[in-house]
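Structural characterization, general
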Amino acid sequence: MKVLVPVKRVVDYNVKVRVKSDQTGVDIANVKMSMNPFDEIAIEEATRLKEKGVATELVAISCGPLACQETLRTAMAIGADRSILVQTEVELQPLAVAKLLKSIAEKELPDLIILGKQAIDDDANQTGQMLAALLSWPQATFASKVEVADGFATVTREVDGGLETIKIKLPAIITTDLRLNEPRYVTLPNIMKAKKKQLDIVTPESLGVDPTPRLATLKVTDPPARSAGIKVPDVAALIDKLKNEAKVV
Ligand code: AMP
């Protein structure tokens, strides 16, 4: 069974991003970049499927500039056997990524594609769903437990107020939620091994996809600054403020 895992290079989750002065986006010059955390969970899950003998080949894919090779090397250090970079300098939106992944899926013929539920930079939460639609494959999003057997995946999903378990036929799309697993630490020997693994570079043109953005960002702004707190003398004053000022009780 072949598994594809798309991994996105994003601003590291520890970085406090700064909005550019012209409000066109956030400043990513000289900022630490890492693999999207949900994609690390996806690679970990696929690696566990391989370790259990369920998956036989694991291919990581990243779409973006040459620097995404670093993210792919990390994916291979965790467990991917080889990887593909779709190299482009164009700003990629979810529909373009979904089309690129569809084109690769049609060549690679995987049984399963495991994506993150969302990329923490744009918070789109769209690529997996769009890819499932483009391929006409079943999808199980926000997975917190995955079991694969006999051509089906049984997936527990985190939904509002509880858990839902569904069974979908392979080939299928799964997107990972936070509680699916805890990714392993990448060890130095595995980083060294990953350097020798195969990394192919293709372009959107070679995949027959036009990645030009369809949506324009009008502006990006900081959230409103938090106003300072106040001290109240007693509980009665607190209740009064909650009732009459904040109007929350
Ligand atoms: P999004 O829909 O942008 O929130 O992203 C959801 C998931 O799609 C991510 O967690 C990745 O698995 C995948 N993805 C999005 N953008 C890319 C990209 N440029 N390269 C590889 N995978 C991506």
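Figured I'd write up the structure that's included with this text. (Residues numbered from 1 in each chain as written. Predicted model: local features only at pLDDT ≥ 70, side-chain atom pairs only at ≥ 80, totals over all residues. Heavy atoms only, no water.)

Observations concerning the site of the ligand
- Asp 39, Ala 119, Asn 125, Gln 126 and Thr 127 are the nearest of the 17 residues found near the ligand.
- With respect to the ligand, the side chain of Asp 39 contributes an N or O atom lying 2.5 Å from an oxygen atom.
- In this structure, Asn 125 approaches the ligand through a main-chain N or O atom, which is 2.8 Å from an oxygen atom.
- Considered on its own, the ligand offers 480 Å² of accessible surface; in the complex 98% of this is hidden by protein.
- Every element with two or more residues in the shell around the ligand is listed here: strand E4 (57–64) and strand E6 (112–116). (Near = heavy atom within 4 Å. Polar contact = N/O pair within 3.5 Å; in protein donor to acceptor, adjacent residues only side chain to side chain. Areas by Shrake-Rupley, 256 points an atom, 1.4 Å probe, with all protein chains shown as cover. Helix = DSSP H or I, 4+ residues; strand = E, 2+ residues; numbered from the N terminus.)

Let's talk about the packing of aromatic side chains
- If you walk through the whole model with that rule in mind, you get 0 aromatic pairs.
- Above the face of the Phe 152 ring, Lys 167 is positioned so that its terminal group lies 4.8 Å from the ring centre.
- A cation sits over an aromatic face here: Lys 169 above Phe 152, 5.9 Å from the ring centre. (Phe/Tyr/Trp six-rings, centres within 6.5 Å; stacked < 30°, edge-to-face > 60°. Lys NZ or Arg CZ within 6 Å of the ring centre and 35° of its normal.)

Comments concerning the pairing of strand E8 (residues 152–159)
- Inspection of the sheet shows strand E7 (residues 139–149) paired to E8 by 6 bridges, in the antiparallel sense. Within the sheet, the bridge partner assigned to Val 146 lies in E8 and is Val 155.
- Where E7 folds back on E8, the antiparallel hairpin that results is connected by 2 residues, among which Asp 150 adopts a positive phi of roughly 50 degrees.
- Count of turn residues in the E8/strand E9 (residues 162–169) antiparallel hairpin: 2 residues, of which Gly 161 carries a positive phi of about 75 degrees. (Pairing = 2+ DSSP bridges.)

Concerning the nonpolar core
- Grouped together as the largest cluster of nonpolar side chains are 36 residues, with contacts concentrated most on Val 3, Val 5, Ile 43, Leu 112, Ile 114 and Ile 174.
- Breaking this core down by element, the ones donating at least two residues are strand E1 (2–6), helix H1 (37–51), E4, helix H2 (68–78), E6, E7, E8 and strand E10 (172–176).
- In this structure, Cys 63, Ile 84, Ala 105 and Leu 115 belong to the second largest nonpolar core, which totals 23 residues. (Core = buried A, V, L, I, M, F, W, Y, C linked by side-chain atoms within 4.5 Å. Buried < 20%, exposed > 50% of the residue type's maximum accessible area, 1.4 Å probe, protein only.)

Here's the deal with the packing of H2 against helix H5 (residues 188–195)
- Direction vectors running N to C along H2 and H5 enclose 120 degrees, while the axes themselves pass 8 Å from each other. With respect to each other, H2 and H5 are oriented oblique. The handedness of the crossing between H2 and H5 comes out as right-handed. Listed contacts from H5 to Arg 73, Met 76 and Ala 77 of H2 are Asn 190, Ile 191, Ala 194 and Lys 195.
- Each residue belonging to the contact of H2 with H5 can be placed in one class, and the counts come to 4 nonpolar, 1 polar and 2 charged. (Axes fitted to C-alpha atoms, helices over the stretch in contact; angles between N-to-C directions. Parallel < 35°, antiparallel > 145°, perpendicular 65-115°, else oblique. Left-handed = near helix turned anticlockwise from the far one by under 90°. Contact = heavy atoms within 4.5 Å. Nonpolar A, V, L, I, M, F, W, Y, C, P; charged D, E, K, R; others polar.)

Things to note about the sheet that holds E7
- Read from one edge of the open sheet, 9 strands run E9-E8-E7-E10-E6-E1-E4-E5-E11, paired in mixed fashion. Both outer strands of the open sheet, E9 and strand E11 (199–202), are each paired with one neighbouring strand and no more. Strand-to-strand, the axes of this sheet are offset by a mean angle of 30 degrees, without reference to chain direction.
- Both E6 and E10 contribute to a ladder of 5 bridges, which runs parallel. Of the residues in E10, the one forming a bridge with Leu 115 is Thr 175.
- Sitting on the sheet, H1 touches E1, E4, E6, E7 and E10, and the angle it makes with E6 is about 150 degrees.

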